[in-house]
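Structure assessment
Below are the chains, spelled out letter by letter.
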Amino acid sequence: MTCTVYFVINSQGVSNSSRVFYLRQVEEKVVDEMAMTNVLTGKYHTTGTTPLDLSSCSKGDILKYFEASYDLNESLFVGLKDEDAFYKCPDRLRLPLIFYYAHTATVYVNKLMLAGLMTERVNLDFETMFELGVDEMSWDDTENYRMGGRFQWPPLAEAVEFRRLVRNRIRQLIEDTPLQLPITQDNPWWAVMMGVEHEKIHIETSSVLIRQMPITMVTTPPKWKYAPASTGTAIQENPLVQVEGGEVTFGKPEDFPSYGWCMEYGQQTFKVPAFEASKFKVTNREFLQFVKAGGYENSSYWTKEGWNWQCFRQMRHPIFWVCTKGCKSGCGAVLSSYSHCLPEHFSTTYTDPEIRQHLENNNGPQNGDLNGNGCEHDFRLRVIFDVMEMPWDWPVVVNYHEARAFCAWKGPEFRMLTEAEFNMIQGGVLGDPSKGVTSDPVFHKDPQANFRLTFGSSSPVDLYRPNDLGFHDVFGNVWEWVEDHFNCLPGYRQHHLYDDYAFPFCDGRHGLMLGGSWASNGTYNSRFSRSFFRRHFYQHAGFRVARTLPGAGKSPVVMVNTDVYILGAGVEAKDLTVPETVGLEVVPMASTNRQFHQETEEALAAMLALQYGDGGQNYSKALTDFCKEKAIHYGCPLQNVVLLGCGTGGVAYQLAKTYKEVCPVLTVLKHCDNMKQMLEQC
């Protein structure tokens, strides 16, 4: 078996002006036996798929879409060298890879059970164990007990068999269930699409985690194709493109005929003044200047939160850059001392020996403009399965804090785009969403964008032509961090099948990313897609710089102003300010998570009065007596009881006088802290 890989090579001439570039096709021999083919329950697959038009798709279309997603997710794990790698933590605040391998199958079962399309479980133990991941509160959180080795994960073979059984069950379900079109949010088939699109999200997040794994634990799978390093002309400048001011409305219409997550719906309208934004996303070459200028060591460029993160992580450069100085890699558990940045990991793993010899014979790529102003030997780039020569024209991959610091270093007036501005730079070609799927580039046959794994990596920022406004890569390549806090849009509603998908993260601590990446497929790189992660989190994400034009006014940026109570820590102060020089106006918005509004002293006092107050009628005792009466009436033994939403524990205390075992479930964290304090005083 062979796989074709394309590389851009610099051919040296007698002068800078006579340098030419050419594509060299290299045939790399790959072993017929892939390292981990035993993880496949279907076909080996390396590319993404176009989403379905839910107004006209057939059951055959749905089955094919499901199979392709299931195949692609499993195929990523073929790149792990052995079974042991599944039980390692590539990130100290994420779970071992075995969790992510089985997690998506679990979500299929649980959502289809809720929708009534599936009536019998496949494996209840697995559907509990692999259901819930982690969302750390801070970069310095202690590791979850499931990460550090004390948790006993099942053998890989059992996880593979679980995925196989789930696949077969869903195949049968699709074949046997009558299809009702269109598939809307109140249609049971929405649960099938939810499972598929959820899996597509995890294809991307798993690709990031595998990229964080030690290079010695991965191997390049067959047919995996990286993008060229350059189009042949080095990106020397990243000019600003002016955008006229105007009114912009964004949000996915309820009747748009493709799957959508709850936070994409609703509608927001802003008036945006004239602004400028960079033609390209910030490249590795651009970001190198920030690194060389000591940007990671200068606190004046960083927000308070960002500098605290930087002091903890001690970064010297972006996470996927590779040097030889022993930088922290951020892996977890037994990998916590591992570093990507060691001499033994610095050599490239993808380059054909003939190309390597070509470079050495020419004393390496001498073109400083191509290779980062003479720093080509200082850094390599870790891609998902390999280490390669630094592709300086690819967009840099950073978190929100690093992006903000770069903007501050570039000048006091610079910043990232806002969500409203990002929607403005999409241009006018897409048209009104009422046109249906033709208005969304994810449905276009030739979208002129690097997404749905056209390449297994980022690509040069000028590889695809600009849109009608002059911007490149508005969709795909890497996500774009924007300045806004993540919050759901006005008018959104939670979906009952996944009511905790987005609203727990409307806390002012999660940033917003737009536009999708090379690893986004399905609806994840739709024009409506809104992704959220903590500001210190890594995805395939970068940014472009922007600034408001002098005298144009200030551009609106959304920030969540609701106090959020953190268990054991209380309310953390929020900084809802921006530098005066960046031309932004903060639009404070209440969190769309209604639960956060119950985490107040006033709400706590009201609940205490309700559950423990007397006033002639004791609520807790009355409710307990009512439950006891009904249990006796229906012949239920007074043995075990689950209390959902137990408040401050008054009802649970009364139930414990009658029942042998009481399991109270808290939904408000402030109530939990109060109950803990009460117990400590007993």
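The structure we're discussing is the one just above.
As a starting point, this report considers the structure included with it. This structure is a prediction, so every number in the text was calculated from the model and none was measured.

1. Quick look at the overall build of the chain
Across its full length, the chain holds 16 helices and 21 strands. Within the chain, buried positions represent 57% of all 682 residues. Residue pairs at least 24 apart in sequence account for 77% of intrachain contacts in the chain once pairs closer than 6 positions are excluded.

2. Observations regarding the nonpolar core
Ranked by internal contacts, the top residues of the largest apolar core, which has 158 residues, are Phe287, Trp321 and Phe543. Counting residues per element, this core draws most heavily on helix 5 (residues 189–212), at 12 residues. In contact with Trp321, not counting residues within four places along its chain, are Asn284, Phe287, Leu288, Val291, Cys341, Phe379, Arg380, Leu381, Met390, Trp392 and Val396. Counting residues in hydrophobic clusters, the runner-up holds 8 residues, among them Ala631, Val641, Cys646 and Ala652.

3. Side note on the pairing of strand 15 (residues 545–548)
Bridge analysis of strand 6 (residues 275–278) against strand 15 gives 3 bridges, and the strand direction is antiparallel. Bridge assignment links Phe275 to a residue of strand 15, and that residue is Thr548. Pairing of strand 10 (residues 415–416) with strand 15, which is carried by 2 bridges, proceeds in the antiparallel orientation. Across the sheet, the residue bridging to Arg415 is Ala546, located in strand 15.

4. Thoughts on the pattern of salt bridges
Overall, the coordinates contain 22 salt bridges when judged by the stated rule. The partner of Glu74 in a salt bridge is Arg167, and the shortest N-O contact between them spans 3.5 Å. Of the two residues, Glu74 is situated in helix 1 (residues 59–76) and Arg167 in helix 4 (residues 156–176); the sequence distance between them amounts to 93 residues. In this pair, the class of Glu74 matches that of Arg167, namely buried.

5. Description of the sheet that holds strand 7 (residues 321–322)
Reading across from one edge, 7-8-9 is the order of the 3 strands in this open sheet, with antiparallel pairing throughout. The sheet is open, and its two edges are formed by strand 7 and strand 9 (387–389), each paired on a single side. Both strand 7 and strand 8 (residues 380–382) contribute to a ladder of 2 bridges, which runs antiparallel. Within strand 8, the residue paired with Trp321 across the bridge is Leu381.

6. Some points on unusual backbone geometry
With an omega dihedral of -5 degrees, the bond running from Leu181 to Pro182 counts as a cis peptide bond. Secondary-structure assignment places Pro182 in the loop between helix 4 and helix 5. Of note, the phi angle at Gln314 is positive, near 55 degrees, even though the residue is not glycine. If you check the backbone angles, Asp473 has positive phi at about 55 degrees while not being a glycine.

7. Looking at the sheet that holds strand 3 (residues 240–243)
Pairing within the open sheet is antiparallel, and its 4 strands lie in the order 3-6-15-10. The sheet terminates laterally at strand 3 and strand 10, the two strands that pair on one side only.

8. Structural notes on the packing of aromatic side chains
The tally for this structure, following the rule as stated, stands at 42 aromatic pairs. A centroid spacing of 5.9 Å and a plane angle of 85 degrees characterise the contact between Trp321 and Trp392, whose relative ring orientation is edge-to-face. A residue pair is termed long-range when its members are at least 10 positions apart, and Trp321 in strand 7 and Trp392 in the loop between strand 9 and helix 11 (400–410) qualify at 71 residues. Classification of Trp392 as buried rests on a relative accessible area of 2%. A cation over a ring is seen here: Arg211 above Phe320, with NZ or CZ 3.9 Å from the ring centre. Taking NZ or CZ as reference, Lys410 lies 5.3 Å from the ring centre of Phe414, over its face.

9. As for the packing of helix 2 (residues 97–115) against helix 4
Orientation of helix 2 relative to helix 4, taken along the N-to-C sense of each, is 30 degrees, at an axis distance of 10 Å. Judged on the interaxial angle alone, helix 4 and helix 2 are roughly parallel. In this structure, helix 2 meets helix 4 at a crossing whose hand is left-handed. On the side of helix 2, the interface is formed by Ile98, Tyr101, Ala102, Thr104, Ala105, Thr106, Tyr108, Val109 and Leu112, while helix 4 contributes Leu156, Ala159, Val160, Phe162, Arg163, Val166, Ile170 and Leu173. By residue class, the composition of the contact of helix 2 with helix 4 is 14 nonpolar, 2 polar and 1 charged.

10. Considerations on the packing of helix 1 against helix 4
It is the contact of helix 1 with helix 4, at a shortest axis distance of 9 Å, that shows an interaxial angle of 170 degrees. On the basis of their axis angle, the class for helix 1 and helix 4 is roughly antiparallel. Here helix 1 contributes Lys59, Ile62, Leu63, Phe66, Glu67, Tyr70, Asp71, Asn73 and Glu74 to the contact with helix 4, which in turn contributes Arg163, Val166, Arg167, Ile170, Arg171, Ile174, Glu175 and Asp176. Taken together, the residues of the contact of helix 1 with helix 4 sort by class into 7 nonpolar, 1 polar and 9 charged.

11. A closer look at helix 2
Here helix 2 spans 28 Å end to end across 19 residues, near enough to the 27 Å set by a 1.5 Å rise per residue. A bend of about 35 degrees at His103 is the largest found in helix 2. Backbone geometry just downstream of helix 2 places Gly116 in the positive-phi region, at approximately 80 degrees.

12. Some thoughts on the environment of Pro490
Along the chain, Pro490 falls in the loop between strand 11 (479–485) and strand 12 (510–514). Overall, Pro490 belongs to the partly exposed group, its relative accessible area being 37%. Counting along the chain gives 221 residues from Pro490 to Thr269, while the straight-line C-alpha distance between them is 9.7 Å. Not counting residues up to four positions away in its chain, the partners in contact with Pro490 are Gly266, Gln267 and Gln268.

Rules used in this analysis
- Residues numbered from 1 in each chain as written.
- Predicted model: local features only at pLDDT ≥ 70, side-chain atom pairs only at ≥ 80, totals over all residues.
- Heavy atoms only, no water.
- Helix = DSSP H or I, 4+ residues; strand = E, 2+ residues; numbered from the N terminus.
- Buried < 20%, exposed > 50% of the residue type's maximum accessible area, 1.4 Å probe, protein only.
- Contact = heavy atoms within 4.5 Å.
- Core = buried A, V, L, I, M, F, W, Y, C linked by side-chain atoms within 4.5 Å.
- Pairing = 2+ DSSP bridges.
- Salt bridge = Lys/Arg side-chain N within 4 Å of Asp/Glu carboxyl O.
- Phe/Tyr/Trp six-rings, centres within 6.5 Å; stacked < 30°, edge-to-face > 60°.
- Lys NZ or Arg CZ within 6 Å of the ring centre and 35° of its normal.
- Axes fitted to C-alpha atoms, helices over the stretch in contact; angles between N-to-C directions.
- Parallel < 35°, antiparallel > 145°, perpendicular 65-115°, else oblique.
- Left-handed = near helix turned anticlockwise from the far one by under 90°.
- Nonpolar A, V, L, I, M, F, W, Y, C, P; charged D, E, K, R; others polar.
- Expected span 1.5 Å × (residues − 1).
- Bend = angle between axes of the 7 residues up to and from the residue.

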